[in-house]
Amino acid sequence: MESEAPGIDDGRHPATSHMTRSEENSAQDSATASGKNPASGRSPVLEGRNLRKVYGAAENALTVLADASITLQNSEMVAIVAPSGAGKSTLLHLLAALDTPTSGAIYFESKAIETNNEAALAKFRNCAVGFLWQRHQLLPDFTAAENVAMPLLLRGGDSASALQVARKWLAEVGLGNRADHRAGELSGGEQQRVAIARALVTGPRVLLADEPTGDLDEQNAWAMFELLERLHRAHQLTSLIATHNLALAARCDRIVGLEHGVLKTREATAFATGTLGGEAS
Ligand SMILES: Nc1ncnc2c1ncn2[C@@H]1O[C@H](COP(=O)(O)OP(=O)(O)O)[C@@H](O)[C@H]1O
Ligand SMILES: [Mg+2]
C-alpha cells in the first residue's frame, strides 16, 4: 500500500466546531442525502474479540484484560477512558499486534490476524495500523524528516522518496519548516506532531493513539486533539484514542470504558458528566 501525498486542510469547518463527532456525523449524513458529502458505509475495520491478557504466571499472574471485545467501525473515532493501570496500553498493543493475547483474537477487515505468520504480522503492523505512543519515542539525533521516513524505509522504500513523503506529512502537521531539525531540538508538542506524521506516513487505515495528549499542557492538548480530528477526517481513518481527558473524549463518536478487564460502552455526554452506569455494549 503506497501512501498518498497528504492534502493540506486548514482546519475545522466553523459551523461544526462545537458539535460532538456524532452530531457532525449526523450532519454529514444529511449532507450525503443531499449529495454533497458521500460518506463511506459502516463496516468493521478492526476488532478485538474476547481478548484476555494475563501477565506473569502462577501466584504472580495478573489478569489485565479478562474478556475485552471491541469493534471499530469504518471512519469511527472512539475514545477509551479508564484509570491508569486499567489496561488501555495493553489493549492498544494487542490491537496493533505489538503483543499477543493470552486468548482471543484480533480481526482486521473481518479476517483474523495470523499471529504465527511473521510476514503477515509485519505487514499488518507496518501498513494497516499507525501507532502513536504517549512518549513519542523519536530518535533525537535524527531529523524530523528522517524520523517520519523511518516506517517507509523499514518496509523497503528508497530513501529519497521516503524523505519526500515524510516532508509532505510534516507540512500537513504544520512542521514543514522544521523537517531538517533534529527531533531532540523540538518542543514536546512539536515532537508529538512529528510522531503523528510518523504514525500516518505509511497510509494506515487505523490510528491507535495511546494518551497522545497525556504529556501536554491544556492548550497543546487541544491543538493536538484538533490535529488528530482533522487528520482522522481528511484521511478517512478509523481511530481509537486512549485518553484521561473527558472533554476531549466527549468529542469522539463514542467512549468506551475499561473496568475489571472488560470493555464497557458508554454514551459520550452522560459519561462526561458521570450520570451513566457501566452497562456492557
Ligand atoms: N509487560 C508487562 N508485564 C507485567 N505487567 C504488565 C506489563 N505491562 C503492563 N503490565 C501491568 O498491567 C496493568 C495494565 O497496564 P497498562 O495496560 O499499561 O494500563 P494503562 O495503559 O491503562 O495505564 C498494570 O498493572 C501494569 O503494571
Ligand atoms: Mg497506558
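See the structure shown above.
My aim in this report is to walk through the structure given alongside it, one point at a time. (Residues numbered from 1 in each chain as written. Chains lettered and ligands numbered in written order. Predicted model: local features only at pLDDT ≥ 70, side-chain atom pairs only at ≥ 80, totals over all residues.)

Side note on the overall build of the chain
Rules: Elements are defined by DSSP. Helices are runs of H or I of four residues or more, strands are runs of E of two residues or more, and each kind is numbered from the N terminus. Using C-beta atoms placed from the backbone, we call a residue buried if 20 or more other C-beta atoms fall within 10 Å of its own, exposed if 12 or fewer do, and partly exposed for counts in between. For every residue pair, C-beta atoms are placed from the backbone, and the pair is scored as a contact if these atoms sit within 7 Å.
The helix and strand inventory of the chain stands at 9 helices and 10 strands. Across the 281 residues in the chain, those meeting the buried criterion constitute 40%. Across the chain, contacts joining residues at least 24 apart in sequence account for 69% of those joining residues at least 6 apart.

Section: the pairing of strand β8 (residues 238-242)
Both faces of the sheet carry side chains from a regular strand, because those side chains alternate between them. Heads up, the rule is: Should DSSP find at least two bridges between two strands, the strands are taken to pair. Crossover handedness is defined by viewing with both strands directed away from the observer: a clockwise path from the first strand over the helix to the second marks the crossover as right-handed.
With 5 of its 5 residues buried, β8 lies for the most part within the structure. Residue alternation in β8 divides its side chains into two sets, Thr238, Leu240 and Ala242 and Ser239 and Ile241, and both sets are buried. Pairing of strand β3 (residues 77-81) with β8 involves 4 bridges; the strand directions are parallel. Bridge assignment links Val78 to a residue of β8, and that residue is Leu240. Direction of pairing for strand β7 (residues 206-210) relative to β8: parallel, over a ladder of 5 bridges. Bridge assignment links Val206 to a residue of β8, and that residue is Thr238. For the crossover that starts at β7, traverses helix α7 (residues 218-234) and ends in the parallel β8, the hand is right-handed.

Focus: the site of ligand 1
Put simply, the test is: Using a C-beta atom placed from the backbone, a residue is described as near a molecule or strand when that atom lies within 6 Å of it. Only Asp, Glu, Lys and Arg are considered charged, only Ala, Val, Leu, Ile, Met, Phe, Trp, Tyr, Cys and Pro nonpolar, and every remaining residue, Gly among them, polar.
Taken together, Tyr55, Gly56, Leu62, Val64, Ala82, Ser84, Gly85, Ala86, Gly87, Lys88, Ser89 and Thr90 make up the full set of residues near ligand 1. Secondary-structure elements contributing two or more residues to the shell around ligand 1 are β2 (62-73) and α2 (88-95). In terms of residues, the shell around ligand 1 owes the most to one element, α2, which gives 3 residues. For the shell around ligand 1, the class distribution of residues is 5 nonpolar, 6 polar and 1 charged.

A few points about the sheet that holds strand β5 (residues 111-112)
Short version of the rule: In this analysis an axis means a line fitted to C-alpha atoms, helices contributing only their contacting stretch, and an angle means the value between N-to-C directions, from 0 to 180 degrees.
The sheet built from 4 strands is open, its strands ordered β2-β1-β4-β5 with antiparallel pairing. Each of the sheet's edge strands pairs with one partner strand only, and the pair in question is β2 and β5. By the bridge criterion, 8 bridges tie strand β1 (residues 44-55) to β2 in an arrangement that is antiparallel. Bridge pairing in β2 places Tyr55 opposite Leu62. Here α2 sits on the sheet and contacts β1, β2 and β4 (103-108); the angle it forms with β1, its principal contact strand, is near 125°.

A closer look at the environment of Thr265
Tracing the backbone through its elements, the reader meets Thr265 in strand β10 (residues 262-266). C-beta crowding within 10 Å serves as the criterion here: with 16 such atoms nearby, Thr265 is assigned to the partly exposed category. Spatially, the C-alpha atom of Thr265 lies 9.2 Å from that of Ile70, the residues being 195 residues apart in sequence.

A look at unusual backbone geometry
Residue Ser75 is not a glycine yet carries a positive backbone phi of 70°. A residue is classified by how many C-beta atoms lie within 10 Å of it, and Ser75, with 22 of them, is buried.

Notes on helix α4 (residues 144-154)
Buried residues dominate α4, accounting for 8 of its 11 residues. Here α4 has its buried residues at Ala144, Ala145, Glu146, Asn147, Val148, Ala149, Pro151 and Leu152. Where α4 is buried, its residues touch α3 (118-128), α5 (159-172) and α6 (188-200). Of the residues trailing α4, Gly156 is marked for its positive phi of about 95°.

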